[in-house]
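Survey of secondary and tertiary structure
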Amino acid sequence: MTQTDTTLFGRIIRRELPADIVYEDDELIAFRDIAPQAPVHVLFVPKTPIATLNELTPEQAPVIGRLALAAANYAKEQGFAEAGYRIVMNCNDNGGQTVFQLHLHLLAGAPLGGFGEGR
Ligand code: AMP
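**Considerations on the packing of aromatic side chains**
Per the counting criterion, the structure on display carries four aromatic pairs. Relative to Phe 31, the ring of Phe 9 lies with its centre 5.3 Å away and its plane at 75 degrees, an arrangement referred to as edge-to-face. Here Phe 9, found in helix α1 (residues 8-13), pairs with Phe 31, found in strand β2 (residues 28-32); they are 22 residues apart in sequence, far enough to count as distant. Of the two residues, Phe 9 and Phe 31, neither departs from the other in class, the shared state being buried. An angle of 70 degrees between the planes, with centres 6.2 Å apart, marks the rings of Phe 44 and Tyr 74 as edge-to-face. You can see Phe 44 sitting in strand β3 (residues 40-46) and its partner Tyr 74 sitting in helix α2 (residues 62-78), a full 30 residues away along the chain. Through a chain of ring-to-ring contacts, the aromatic side chains of Phe 44, Tyr 74, Phe 80 and Tyr 85 assemble into a single cluster.

**Digging into the site of the ligand**
Around the ligand, the surrounding shell holds 16 residues, and the nearest of these are Asp 33, Asn 90, Gly 96, Thr 98 and His 105. At 2.5 Å from an oxygen atom of the ligand is found a side-chain nitrogen or oxygen belonging to Asp 33. Look at the ligand: alone it shows 500 Å² of surface, and the protein chains cover 84% of it. Structurally, the ligand is housed in the largest pocket. Elements with a minimum of two residues in the shell around the ligand: α1 and β2. Each residue belonging to the shell around the ligand can be placed in one class, and the counts come to eight nonpolar, six polar and two charged.

**A closer look at unusual backbone geometry**
Even without being glycine, Arg 15 reaches a positive phi, approximately 65 degrees. Along the chain, Arg 15 falls in the loop between α1 and β1 (21-24). Since its relative accessible area comes to 47%, Arg 15 is described here as partly exposed. Non-glycine residue Asn 92 carries a positive phi angle of around 60 degrees. For Asn 92, the location among the structural elements is in helix α3 (residues 92-95). Given a relative accessible area of 32%, Asn 92 falls into the partly exposed group.

**Observations regarding the layout of surface pockets**
Looking at the largest pocket, its volume works out to about 860 Å³. Elements with a minimum of two residues in the lining of the largest pocket: α1, β2, β3, β4 (85-88) and β5 (104-108). The element best represented in the lining of the largest pocket is α1, accounting for three residues. Looking at the lining of the largest pocket, its residues break down into 15 nonpolar, 11 polar and six charged.

**A word on the pattern of salt bridges**
Across all of its chains, the model carries six salt bridges by this definition. Arg 15 is the partner of Glu 24 in a salt bridge, and the nearest nitrogen-oxygen pair spans 2.6 Å. Of the charged contacts in the structure, one is a salt bridge between Asp 20 and Arg 32, with a shortest N-O distance of 3.1 Å. Placement of the pair is Asp 20 in the loop between α1 and β1 and Arg 32 in strand β2, with a sequence separation of 12 residues. On the basis of relative accessibility, which here comes to 43%, the residue Asp 20 falls in the partly exposed class.

Reading guide: rules and limits
Residues numbered from 1 in each chain as written. Predicted model: local features only at pLDDT ≥ 70, side-chain atom pairs only at ≥ 80, totals over all residues. Heavy atoms only, no water. Phe/Tyr/Trp six-rings, centres within 6.5 Å; stacked < 30°, edge-to-face > 60°. Helix = DSSP H or I, 4+ residues; strand = E, 2+ residues; numbered from the N terminus. Buried < 20%, exposed > 50% of the residue type's maximum accessible area, 1.4 Å probe, protein only. Near = heavy atom within 4 Å. Polar contact = N/O pair within 3.5 Å; in protein donor to acceptor, adjacent residues only side chain to side chain. Areas by Shrake-Rupley, 256 points an atom, 1.4 Å probe, with all protein chains shown as cover. 1 Å grid on protein atoms, 1.4 Å probe; cavity = no way out; pocket = protein on both sides within 12 Å on 5 of 7 lines; lining within 4 Å. Sits in = over half its atoms within 2 Å of the grid points. Nonpolar A, V, L, I, M, F, W, Y, C, P; charged D, E, K, R; others polar. Points joined across faces, edges and corners; volume = space filled by probe spheres on them. Salt bridge = Lys/Arg side-chain N within 4 Å of Asp/Glu carboxyl O.

The structure is reproduced here in C-alpha cells:
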C-alpha cells in the first residue's frame, strides 16, 4: 500500500486508527463494521488503495476474488457459511458508498430480508 491512501480504511490498515480486526494477510484486512447492519457485519478491504469499483483495472481484478474468498473462508471458519450470508460492494453516491477505499461488506447472522427491503 502506498502512503497516498489517506482514507479511513488506509488509516486502519496502518494502525493509525483502532479497529476490531478479525483477519489480515499481505493483501487484505478484515474488521468489524462500526455500525453493524446485521449480527455479523465485517468489512474486507484490499491493502492496495482503489477508490471505487470504477477505478479497478483489469490487472487489479483478482483483488475482488481475494476479498470474496476471504469472506467465504471467514464464514466457514465462523460456522455460518451453510446458513448463508450476503456480500455487498457499494459504488459512489447512488450505491451508498461513504468510504472511498474499495471494500466488501459481509453480512450474516440472521435472515437478511429482501434486497433493498424497506426503501
Ligand atoms: P460504504 O458505505 O459501503 O462506503 O461502507 C463504509 C462502512 O464503513 C459503513 O458501513 C460504516 O459503518 C463503516 N465504518 C465507518 N467508519 C468505520 C470505522 N472506524 N471502523 C469500522 N467501520 C467503519
